[in-house]
Amino acid sequence: MNSVALTAGRKFGFETVADLLPVARGPLARRLGLAAITRLDQALGGVAEPITPRQDAEVPIVERRLLEPICTAEAIERVMGDLLADLAKVLQARGSALAPCGW
């Protein structure tokens with residue numbers, strides 16, 4: 001319900017949703033507005049309320065294919081730095097730029 005309906009509801013002594021249930025729909029609509037009645041019916045399952053599924057954003061992926069395994073901390077750090085730089089470029093191209101982190 002919008003703030004106008006909430007204010008009107010309090011003015012007429014309605015404090016909870018349960019207070020609205022025994023009141024006839026006609027007088028309730030005149031007091032709170034038709035939109036408030038529709039929302040009440042949706043909340044109680046009497047009127048369908050379509051749900052629009054959320055589409056997840058595509059997860060950015062970067063990769064490096066190495067000729068040999070790496071096992072030193074320095075080599076791992078270098079590859080991780082390169083991957084992070086590549087990821088930053090992908091995000092910047094999408095408009096999801098990150099602040100530079102010094103990699």
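Structural data are supplied above this passage.
Residues numbered from 1 in each chain as written. Predicted model: local features only at pLDDT ≥ 70, side-chain atom pairs only at ≥ 80, totals over all residues. Heavy atoms only, no water.

Caption draft 1: Representation of the packing of aromatic side chains. Following the criterion strictly, the structure yields zero aromatic pairs and no others. The cationic tip of Arg31 hangs over the ring face of Phe12; the distance from NZ or CZ to the ring centre is 5.1 Å. (Phe/Tyr/Trp six-rings, centres within 6.5 Å; stacked < 30°, edge-to-face > 60°. Lys NZ or Arg CZ within 6 Å of the ring centre and 35° of its normal.)

Caption draft 2: Expanded view of the pattern of salt bridges. Applying the stated criterion to the full structure yields four salt bridges. The residue Asp41 makes a salt bridge to Arg25 at a minimum N-O spacing of 2.9 Å. Of this pair, Asp41 sits in helix 4 (residues 34-43) while Arg25 sits in helix 3 (residues 25-32); the two residues are 16 residues apart in sequence, bridging distant segments of the chain. Taking the relative accessible area as the measure of exposure, Arg25 reaches 37% and is therefore partly exposed. In this structure, the salt-bridge partner of Arg65 is Glu63, at a minimum N-O distance of 3.4 Å. Look at Glu63 and you get exposed, because its relative accessible area is 53%. (Salt bridge = Lys/Arg side-chain N within 4 Å of Asp/Glu carboxyl O. Helix = DSSP H or I, 4+ residues; strand = E, 2+ residues; numbered from the N terminus. Buried < 20%, exposed > 50% of the residue type's maximum accessible area, 1.4 Å probe, protein only.)

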